[in-house]
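# Structural overview
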Amino acid sequence: MTAHIRPVCAVWVGMVCLVFCSRLSGMKAASICGNAQAECHFLSLANLFDRVIQHSARMHGISNDLHSEFELYFLPSKNQVSRVGRNCHTSNILTPNGKENAQRIEREELTEVIMKLLAAWRDPLWHFHQSVARNHRFNGYGSNKSLEMSDMAHELRKGVQKVVEKMQTLGVISNSVGGLASPEALLAADGSGWRFMKDSDLLYCFRRDSNKIQNYLKILKCRIVPEHGC
Amino acid sequence: MSLLAPSYLRDILKRCSSSETLRSNKQLFHSIEADLITLLLLLSVRLCASPPGKPVLIGCRSPEKETFTCWWEPGFNGGLPTRHRLFYEKEGSEEVHECPDYWSAGKNSCFFGKEQTSIWVEYSLTVVAFNALGNTSSDLFKIDDVMKIVKPYTPENVTVLVNDTANTPYLCVSWNHPPKVDTKSGWTTIKYELRVQKEDNKPEIFHPNKKNSFKVYNVDPGATYTVDMRCQLDQSSWSEWSTASVVKIPNYFQNEKPFWILVSIFSVIPLLATICIVVLKRKFVKQWLLPPVPGPKIRGVDVQLLKSGRAEDVINALIGNQNFPPAAAWMDQTEEYLLVSDSNDWLLTDPYISQKKKSLVIPAGVQLEIQCRTSAPAQSDCENAEVGKDGKVEPDHLAQTKESVLNVAAPSVSSGSKEAASGNAAGPTGYVDIQQHKGTQGAGPNAAQWDYSWVKEVNGETIFILKNEDAAAGLDVPGWEENTAADYSRVKEVNGDDVVLLQKHDSADSSCKKKEDRSAEWTNQKAKSRHGSDCGKGACLQIAGNGYVDSVPRFYVE
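From a predicted model like this one, the values you see are computed outputs, not experimental measurements.

About the cut-offs
Residues numbered from 1 in each chain as written. Chains lettered and ligands numbered in written order. Predicted model: local features only at pLDDT ≥ 70, side-chain atom pairs only at ≥ 80, totals over all residues. Heavy atoms only, no water. Helix = DSSP H or I, 4+ residues; strand = E, 2+ residues; numbered from the N terminus. Buried < 20%, exposed > 50% of the residue type's maximum accessible area, 1.4 Å probe, protein only. Contact = heavy atoms within 4.5 Å. Areas by Shrake-Rupley, 256 points an atom, 1.4 Å probe, with all protein chains shown as cover. Phe/Tyr/Trp six-rings, centres within 6.5 Å; stacked < 30°, edge-to-face > 60°. Salt bridge = Lys/Arg side-chain N within 4 Å of Asp/Glu carboxyl O. UniProt positions renumbered as here; feature names shortened; annotations may be inferred. Disulfide = S-S within 2.5 Å. Pairing = 2+ DSSP bridges. Axes fitted to C-alpha atoms, helices over the stretch in contact; angles between N-to-C directions. Core = buried A, V, L, I, M, F, W, Y, C linked by side-chain atoms within 4.5 Å. Parallel < 35°, antiparallel > 145°, perpendicular 65-115°, else oblique. Left-handed = near helix turned anticlockwise from the far one by under 90°. Nonpolar A, V, L, I, M, F, W, Y, C, P; charged D, E, K, R; others polar.

## Thoughts on the overall build of chain A
Scanning chain A for helices and strands turns up nine helices and zero strands. Beginning at the N terminus, the succession of helices and strands in chain A can be written as α-α-α-α-α-α-α-α-α. Taking all 230 residues of chain A together, the buried fraction comes to 44%. Long-range pairs, those at least 24 residues apart, make up 84% of the contacts in chain A between residues at least 6 apart in sequence. If you sum the accessible surface of chain A, you get close to 12900 Å²; carbon and sulfur atoms cover 58% of it.

Have a look at this one:
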């Protein structure tokens, strides 16, 4: 009797595993969308938008923390002449500065602005993290945050790219929106003005730009899929 | 006109030199006095007049992230009417702009409308105070980002309702978004904070997810709660707290007091009644609740008698009332049977038998069937003694039956009729076959547990034994075949007075036979036995009556 139990058990376990794995793979393959295809596309677009907005909010939060910490420890005196001459390297990107402006411009243009901003910050953030890690300017907490910030900017860029692709497949925006390899993006990324920026200015500029990105994404979502939580 | 103008002095001198006398001198004196005072005043004013003091910009606020307002505090005005003007510069351009609206937001304020407001742009503000003597500028006031000065108004129409349906009361708080805030376009994300304070305890903070309503569940009846709210736009500064609403939860226990009083009254009355009943009928209740457990008791045995310890009484008590195992009873009976002879006197005078008349104990559930030979079918002369449950047969009844049987049987011994083939052969032996079931002949093959040979007839010293395979059709010999498998052997032949020839075990054959097919064949054993004993087959054992061969044979021969 006992001699039979072991092989039987093994076979049983094997069968269970097989069933389970097949179910898992089946689950991966199954999509949220069922029959109503059109509604489902818009629903998943709204879902994508929510995700990127959440991501951008978190990124802005981190940049805000870093900036305040930096100001607290490294710039105790508020009145500094250098602050007058602050100039972000993304100043050349024309961004809508108000609600009406943001609502007035085209969707494609707004999307382009977001993409440009994200592209412009890829390298500076990475170098900032390198300098922080190398010089031990911050404590460990700050160093972790700078890395996180850099990673999040990267992830957000990919996420927004996905959203753009989705929008293009749905026909919401035209295909003229440049991707990552668009000339504007490359130009912005190539600009080496950021190398000479001070850390404080860099943090200040990025905090502002991350807030812009978050707001633009929210406005874009409410323009394209307004019925899903606006 | 200057006080010290020469013309003025000339006039004064003229007046002094005039001939208008004292009257005019008095007048002159008064006028001089007034003039002097006026002169002094004007001097003082002239000396204290100054350019205006430095105004101070207090702060700016944007309630909805689309416009903003700035306020300043004017300095000392220098005794002269002053005027304040605000100038600002935006980041990235050197152009200086002036405040577009000085009036909308009240005194000493500047309101920037939608067109003038740019988010994510640095503003540099200055307020300049102007008066007749000069102007003074305030310090530069910088707004890094309009996002930093965002502070919404309080939520509107905060109403609190006490909802006391069901058993759990809760507070239902509802509100509207602050005025002028655009929540639909996605430009701002508004977040609310609700504060609930119970009387003087520490306030509790909630963050509602819904836009307009919230339910507070953990409220205590009878307590007073203070509820207020504030909101926030996109991680900006929190607004002020709204005006507090004070609510009191009604106390349910008080409302339901009469109900509970009634309930308690109505439950107390049956309780008291139950107690009275229980107390009055104590014994009855006790008996019903805890019935007395009967002690062990042997029927017919007097416990007191046993306790007294007399040996005779004990023996009588115990033996007389006990259910002996059937074997012993049968043994006695077999003794009995073999003792019997033709003469009734002998039978009746047997002391043992007379003693036995007392009580014949037969196992329970057994039907004692005694059939008469003379009248086989009719049962009028016969007695069917049915044994009761306790296994005890009425002694009188049995004695009668026995006697009758014996009496009846005696004359017919020699007849050797076949009538007794049916049922039990009840000769003068008084052999009683105990069957475990009621029934007539041919009853089912239920177990008669006894392996007996049927004694058909006793002829003097000859005992006619019914052979198994020749069993009569009507004979009720249930279980013969089965029981041969037990320790007993069947008697094949009785050889003389003290020799019994046992049959070999051929139960297989016999079991196949149906009982109905059996035919009674009486064999005269005696005749055979004269020729010689045939002890070769099987064992030679001494007979013990009815074919039941016991290990300890007892054989009585008259």
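What follows picks up the thread again.
## Section: the overall build of chain B
When you go through chain B residue by residue, the secondary structure sums to 14 helices and 23 strands. By residue count, 38% of the 558 residues in chain B fall in the buried class. Restricting to contacts in chain B with at least 6 residues of sequence separation, those with at least 24 account for 65%. Accessible surface, chain B: about 32700 Å² in total, of which carbon and sulfur atoms supply 57%.

## Considerations on the packing of aromatic side chains
All names here are of chain A. Under the defined criterion, the tally for this structure stands at 13 aromatic pairs over all chains. Judged by centre distance (5.0 Å) and plane angle (65°), the ring pair of Trp121 and Phe206 falls under edge-to-face. With Trp121 in the loop between helix H5 (107–120) and helix H6 (122–135) and Phe206 in helix H9 (residues 199–224), this residue pair connects regions lying 85 residues apart in the sequence. Phe206 sits in the buried class, given a relative accessible area of 1%.

## Here we look at the pattern of salt bridges
Applying the stated criterion to the full structure yields 18 salt bridges over all chains. In this structure, Lys99(A) engages Asp182(B) in a salt bridge whose closest nitrogen and oxygen atoms are separated by 2.3 Å. With Lys99(A) in helix H4 (residues 99–104) and Asp182(B) in the loop between strand E10 (170–176) and strand E11 (190–198), the pair connects residues from two separate chains. Here Lys99(A) and Asp182(B) have matching classes, each one buried. Here Lys198(B) makes a salt bridge to Asp220(B), at a shortest N to O gap of 2.5 Å. Placement of Lys198(B) in strand E11 and of Asp220(B) in the loop between strand E13 (213–216) and strand E14 (224–233) is noted, with a sequence separation of 22 residues between them. Judged by its relative accessible area of 22%, Lys198(B) is partly exposed.

## Section: the UniProt feature "transmembrane region" (unreviewed entry) in chain B
When the UniProt feature table is mapped onto this chain, "transmembrane region" (unreviewed entry) is found at residues 259–280 of chain B. Between the first and last C-alpha atoms of residues 259–280 of chain B the distance is 32 Å; the span itself is 100% helix and 0% strand.

## Examining the state of the cysteines
When the sulfur atoms of two cysteines share a covalent bond, that bond is a disulfide. Residue and element names in this part refer to chain A. Counted according to the given criterion, the structure contains four disulfides over all chains. Two residues share a disulfide in this structure: Cys88 and Cys205, whose sulfurs sit 1.7 Å from each other. On the sign convention where negative is left-handed, the bridge of Cys88 and Cys205, at about -90° about the S-S bond, is left-handed. A residue pair is termed long-range when its members are at least 10 positions apart, and Cys88 in the loop between helix H3 (81–84) and H4 and Cys205 in helix H9 qualify at 117 residues.

## Some points on unusual backbone geometry
All names here are of chain B. Look at Lys65: it is not a glycine, yet its phi comes out positive at around 70°. Secondary-structure assignment places Lys65 in the loop between strand E1 (56–61) and strand E2 (68–73). You will see that Asn157, though not glycine, has its phi angle at about 55°, which is positive. Mapping Asn157 onto the fold places it in strand E9 (residues 156–163).

## Quick look at the sheet that holds strand E15 (residues 245–248) of chain B
Residue and element names in this part refer to chain B. The sheet built from four strands is open, its strands ordered E12-E11-E14-E15 with antiparallel pairing. Lying at the two open borders of the sheet, with one neighbouring strand each, are strand E12 (204–206) and E15. Averaged over all neighbouring strand pairs, the angle between strand axes comes to 25°, with direction disregarded. Direction of pairing for E11 relative to E12: antiparallel, over a ladder of three bridges. Across the sheet, the residue bridging to Val196 is Glu204, located in E12.

## Overview of the nonpolar core
Ranked by internal contacts, the top residues of the largest apolar core, which has 71 residues, are Phe49(A), Met167(A), Phe68(B), Leu86(B) and Leu125(B). Ranked by the residues each element gives to this core, the list is headed by H9(A), at eleven residues. The contact partners of Leu86(B), leaving out residues within four places of it in the chain, are Leu57(B), Trp72(B), His97(B), Glu98(B), Cys99(B), Tyr102(B), Cys110(B), Phe112(B), Leu125(B), Thr126(B) and Val127(B). Grouped together as the second largest cluster of nonpolar side chains are 23 residues, Val158(B), Leu171(B), Val196(B) and Ala223(B) included.

## Thoughts on the packing of H6(A) against H9(A)
To characterise two packed helices, one gives the angle between the axes of the helices and the distance between these axes. All names here are of chain A. Relative orientation of the contacting elements H6 and H9 amounts to 140°, with a least axis distance of 11 Å. If you check the angle between H6 and H9, you find them oblique. Crossing geometry of H6 relative to H9 is assigned as left-handed. Residue-level inspection shows Pro124, Leu125, Phe128 and Ser131 of H6 in contact with H9, the latter providing Asp199, Leu202, Leu203 and Phe206. Each residue belonging to the contact of H6 with H9 can be placed in one class, and the counts come to six nonpolar, one polar and one charged.

## A word on the sheet that holds E1(B)
Residues and elements named next belong to chain B. Taken together, the three strands give an open sheet; going across it, the order is E1-E2-E5, and neighbouring strands pair in antiparallel fashion. Where the open sheet ends on each side, the last strands, each with one partner, are E1 and strand E5 (109–112). Averaged over all pairs of adjacent strands, the angle between their axes in this sheet comes to 15°, without regard to strand direction.

## Quick notes on the packing of H5(A) against H9(A)
Residue and element names in this part refer to chain A. Interaxial distance between H5 and H9 falls to 10 Å at its minimum, and their mutual angle equals 150°. It follows that H5 is roughly antiparallel to H9 by the angle criterion. By crossing handedness, the relation of H5 to H9 is classed as left-handed. Every residue of H9 that contacts H5 at Arg107, Leu110, Thr111, Val113, Ile114, Leu117 and Leu118 is listed here: Asp209, Lys212, Ile213, Tyr216, Leu217, Ile219, Leu220, Arg223 and Ile224. Looking at the contact of H5 with H9 residue by residue, the classes come out as eleven nonpolar, one polar and four charged.

## Regarding the pairing of E10(B)
Remark: a regular strand shows side chains that alternate across the two faces of the sheet. All names here are of chain B. Looking at chain direction, E9 and E10 are connected through six bridges and run antiparallel. Within the sheet, the bridge partner assigned to Thr159 lies in E10 and is Ser174. Pairing of E10 with E13, which is carried by four bridges, proceeds in the antiparallel orientation. The partner of Leu171 across the bridge, within E13, is Val216.

## Brief notes about the pairing of E2(B)
Residue and element names in this part refer to chain B. Pairing analysis gives five bridges linking E1 to E2, with the strands arranged antiparallel. Each residue of the ladder has a partner; that of Leu57, found in E2, is Trp72. Connecting E1 to the antiparallel partner E2 that follows it, the hairpin turn spans six residues, and Lys65 within it adopts a positive phi of roughly 70°. As judged from the four bridges shared by E2 and E5, these two strands associate in the antiparallel manner. Note that in E5 the partner of Trp71 across the bridge is Ser109.

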